[in-house]
Amino acid sequence: MRRSGFGPVPELVALRESAGIVRVPTPFGPSAWMLTCYDHVRRMLGDAEAFVNGWTPADLTADEGQAAPDRDPRQLSGDRAGNLLSLDPPDHTRLRRMLTPEFTVRRMRRLEPRIVEIVDAHLDALERHGAPADLVANYALPIPSLVICELLGVPAADQQEFQQRTDRQLDTTLSEPEKFELARESLAYMQGLVARARREPGEDLLGMLIREHDQDLSNAELVGIGNLLLVAGHETTSNMLGLGTLALLRHPDQLAMVRDDPDSVPGAVEELMRWLSIVNSGSPRLATRDVDIDGTTIRRGDLVLFNLPTANRDPALLDDPDRFDITRKATSHVGFGHGIHHCLGAPLARLEMRIAFPALLRRFPHLHLAVPDDRVAFAWHKAIHGLEELPVAW
C-alpha cells in the first residue's frame, strides 16, 4: 500500500482500530500476520528469540494451520554477511558489539564539526543559487550522503557518483536488470573501499573496525556493514529532512520554536520521527514457536509483518496521536525500531537533524513554499517515505 501525505495508510489505520492483527497475502506464497498496534509491534520487535530474521521461503508454513517444516528457522541463508538487519544472534550480537562503540553519542560528537561544515556549505550554495530552489535536491539529499561518505572514508572524487548510485538503489520503479546492475556496481565499489582500508586503515569507520577487529571481521562482513550504513544512513535522514521541513512549514508556530529556541530542537526531532514514521516496516519476521498476542495465536513457522506508522499513531502510545506537537513529553516511539534491531545509527541521525533543521530556519527565517501546498509531490516509488522535491523560497 502506498502512502500519501504524512499519515499512515488509511486501510492499515482501520485495521488497527478493528482487529489489530489479521492475515494478509504476501509475495512469498503463504499469508502473513500483519501487526498494526503499538503494543503488538513493540512486543514482537522486543522478542528476538520468538521472531527472527534469518529465514528462507522453505521455512514458511504453506497455509494457516499447517505445521512448520521440521528445521530451525533461525538458520541463515544467502549472502547476509555484515547486514545487521537480516542477522540473528549470535552473528548479530557479535557484529553489533563491535559497531556499537562507533555510534555512541560521544563518538558522534567527533563528526559534529564536519556535519556543521557540510550543512553550512549547502546553505551557502542555496543562498548563491537564489530562490526558488528544490530543498530535497540541494539540501536534504546531499547532506546525509556526504556524512556517510565521511563516516566510511569515501574519497571526495567518488562522492558525487556515490550519492547518485545510492539514491537510485531505493527507487522501486527500476527494472530487475537495472536493480541487478546497480547492486553489482555498489558491491564492486564497496569491495574496493574495503580493500583500500585493509591496505591503509584511516580514521573512518572501516579503518577503525580493521584496526580494532582485524582478525574477527571478514571482507564480506565489512562490505555488508558498509552497504547497510550506506542505504540505512542516507535515504532515511534525507527523507526526514525533506518531509520534516514540510511538516514545520505547515505548522509555523512550531517552526518558529525550532528556529528560535535551541531547547525545543531535540523534542522536535523526536516528534517528527514519531509523527512522520518514514520507515514503514522492517524485515519480515518468522515465528520460531507458537506465540499468543492479545488472543491471536501466531504459529511456529508463520511469517509476521508490521507497520511502524500505525504503531506510532496508536492512541495506546499517547493522547491525540494524529496531532503534531513538538512540546510533547518524550515517548517510546518505534520510529527507530525497537529491541536488538533498534537503529544503530540513531545517534547520528538525531545529530544531523538537530543541526540541519535549525540551521536552515535561522539562515532563511522567512522560508516558505514556492508552489501551492497541494502541488508538493510525495515520492510514492521510494522504499522510504519522502518527497520528490520541495520547492521553497525565502
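Looking at an unreviewed UniProt entry, one finds the protein named Cytochrome P450 and attributed to Pseudonocardia xinjiangensis.

Enquirer: Give me the overall build of the protein: which residues, what numbers.
Expert: Check the secondary structure of the protein and you find 14 helices and 10 strands. Relative to the compact-globule value of 21 Å for 394 residues, the protein shows a C-alpha radius of gyration of 21 Å, a close match. Residues classed as buried in the protein amount to 55% of the 394 residues present. Taking the contacts inside the protein whose residues are at least 6 apart along the sequence as the reference set, 70% of them involve residues at least 24 apart. The average position of the 43 basic charges and that of the 57 acidic charges among the side chains of the protein differ by 2 Å.

Enquirer: I'd like to hear about the sheet that holds strand β3 (residues 51-52), residue by residue, with values.
Expert: Hydrogen bonds between backbone atoms are what pair the strands of a sheet, whose relative direction is either parallel or antiparallel. An order of β1-β2-β8-β5-β3 is seen for the five strands of this open sheet, with the pairing classed as mixed. Two strands close off the open sheet at either side, each with one partner strand: β1 (21-24) and β3. Sheet analysis places strand β2 (residues 32-35) next to strand β8 (residues 303-306), joined by four bridges and oriented parallel. When the sheet's bridge partners are listed, Leu35 is paired in β8 with Phe306. Of the strands in this sheet, β1, β2, β3, β5 (285-287) and β8 are in contact with helix α2 (residues 38-45), which crosses β8 at around 125°.

Enquirer: Could you give me a rundown of the pairing of β8, with the residues and numbers involved?
Expert: Side chains of β8 alternate between two faces, with Leu303 and Leu305 and Val304 and Phe306 buried alike. In this structure, β5 lies alongside β8, joined through two bridges in antiparallel fashion. By the bridge assignment for β8, Leu286 is matched with Leu303.

Enquirer: I'd like a description of the state of the cysteines, backed by residues and values.
Expert: Scanning all chains against the criterion turns up zero disulfides. We note that Cys149 lacks a disulfide partner, and the nearest cysteine sulfur, in Cys343, lies 18 Å from it. Residue classification places Cys149 among the buried positions, given a relative accessible area of 1%.

Enquirer: Tell me about the pairing of β2, and name the residues and values.
Expert: Of the two faces of β2, the one holding Ala32 and Met34 and the one holding Trp33 and Leu35 are both buried throughout. For β1 and β2, the ladder comprises four bridges, and the chain directions are antiparallel. Paired with Val24 across the bridge in β2 is Ala32.

Enquirer: I'd like a rundown of the nonpolar core, residues and numbers included.
Expert: Ranked by internal contacts, the top residues of the largest apolar core, which has 87 residues, are Val119, Tyr139, Leu152, Phe162 and Leu390. Element by element, the count of residues in this core is highest for helix α10 (residues 219-249), at 13 residues. Setting aside anything within four residues of it in sequence, one finds Leu152 in contact with Phe162, Met190, Leu193, Asp204, Leu205, Leu206, Gly226 and Leu229. In this structure, Phe51, Ala287, Val304 and Leu318 belong to the second largest nonpolar core, which totals 20 residues.

Enquirer: Would you mind going over empty space enclosed by the protein in detail, with residue names and values included?
Expert: If you walk through the whole model with that rule in mind, you get two cavities of 30 Å³ or more. For the largest cavity, the calculated volume is near 40 Å³. Lining the largest cavity are Met44, Leu45, Asp47, Ala48, Phe51, Val52, Asp88, Arg285, Ile340 and His341. Residue composition of the lining of the largest cavity, grouped by class: six nonpolar, one polar and three charged. Put simply, the second largest cavity is a space of about 30 Å³.

Enquirer: Requested: an account of the environment of Phe357, with residues and values cited.
Expert: Tracing the backbone shows Phe357 in helix α14 (residues 346-363). Aside from chain neighbours lying at most four places away, what touches Phe357 is Met240, Leu241, Gly244, Thr245, Leu248, Val258 and Leu272.

Enquirer: Let's hear about the confidence of the model for the protein: which residues, and what values?
Expert: Averaged over the protein, the pLDDT score is 88; the fraction of residues at 70 or greater is 93%. Considering only residues more than four positions removed or in separate chains, one finds that residues 64-78, a stretch of pLDDT under 50, has 38 contacts.

Enquirer: Help me get a handle on helix α3 (residues 91-99), residues and values and all.
Expert: Among all positions in α3, only His92, Leu95, Arg96, Met98 and Leu99 are buried. Considered in projection along α3, the buried side chains sweep an arc of 160° and stay on one side of the axis. Against α9 (205-213) and α10 lie the buried residues of α3.

Enquirer: Describe the packing of α10 against α14, and please don't skip the residues or the numbers.
Expert: Packing of α10 against α14 brings their axes to within 11 Å, and their N-to-C directions diverge by 40°. With respect to α14, the axis of α10 lies oblique. Of the two elements, α10 crosses α14, and the hand of that crossing is right-handed. Residues Thr237, Met240, Leu241, Gly244, Thr245 and Leu248 of α10 pack against Ala349, Glu352, Met353, Ala356, Phe357, Leu360 and Leu361 of α14. Of the residues assigned to the contact of α10 with α14, the class counts are nine nonpolar, three polar and one charged.

Enquirer: Outline the packing of aromatic side chains, listing residues and values.
Expert: Inspection of the entire model under this criterion finds four aromatic pairs. Residues Trp275 and Phe324 carry aromatic rings whose centres are separated by 4.9 Å and whose planes lie at 40° to one another, so their mutual orientation is tilted. Placement of the pair is Trp275 in helix α12 (residues 265-276) and Phe324 in the loop between α13 (308-312) and α14, with a sequence separation of 49 residues. You can call Trp275 buried: its relative accessible area is 7%. Members of the aromatic cluster, each reached through a chain of ring pairs, are Phe6, Trp275, Phe324 and Phe378.

Enquirer: A description of the environment of Leu228 should follow, citing residues and the corresponding values.
Expert: Counting through the fold element by element, Leu228 comes out in helix α10. Sequence separation between Leu228 and Leu85 is 143 residues; the distance between their C-alpha atoms is 8.1 Å. Beyond its immediate sequence surroundings of up to four residues, Leu228 is in contact with Gly82, Asn83, Leu84, Leu85 and Gly233.

Cut-offs used in this document
- Residues numbered from 1 in each chain as written.
- Predicted model: local features only at pLDDT ≥ 70, side-chain atom pairs only at ≥ 80, totals over all residues.
- Heavy atoms only, no water.
- Helix = DSSP H or I, 4+ residues; strand = E, 2+ residues; numbered from the N terminus.
- Rg over C-alpha atoms; globule rule 2.2 N^0.38 Å.
- Buried < 20%, exposed > 50% of the residue type's maximum accessible area, 1.4 Å probe, protein only.
- Contact = heavy atoms within 4.5 Å.
- Lys, Arg positive; Asp, Glu negative; His and termini not counted.
- Charge placed at Lys NZ, Arg CZ, Asp CG, Glu CD.
- Pairing = 2+ DSSP bridges.
- Axes fitted to C-alpha atoms, helices over the stretch in contact; angles between N-to-C directions.
- Disulfide = S-S within 2.5 Å.
- Core = buried A, V, L, I, M, F, W, Y, C linked by side-chain atoms within 4.5 Å.
- 1 Å grid on protein atoms, 1.4 Å probe; cavity = no way out; pocket = protein on both sides within 12 Å on 5 of 7 lines; lining within 4 Å.
- Points joined across faces, edges and corners; volume = space filled by probe spheres on them.
- Nonpolar A, V, L, I, M, F, W, Y, C, P; charged D, E, K, R; others polar.
- pLDDT = per-residue confidence, 0-100.
- Arc of directions from axis to C-beta.
- Parallel < 35°, antiparallel > 145°, perpendicular 65-115°, else oblique.
- Left-handed = near helix turned anticlockwise from the far one by under 90°.
- Phe/Tyr/Trp six-rings, centres within 6.5 Å; stacked < 30°, edge-to-face > 60°.

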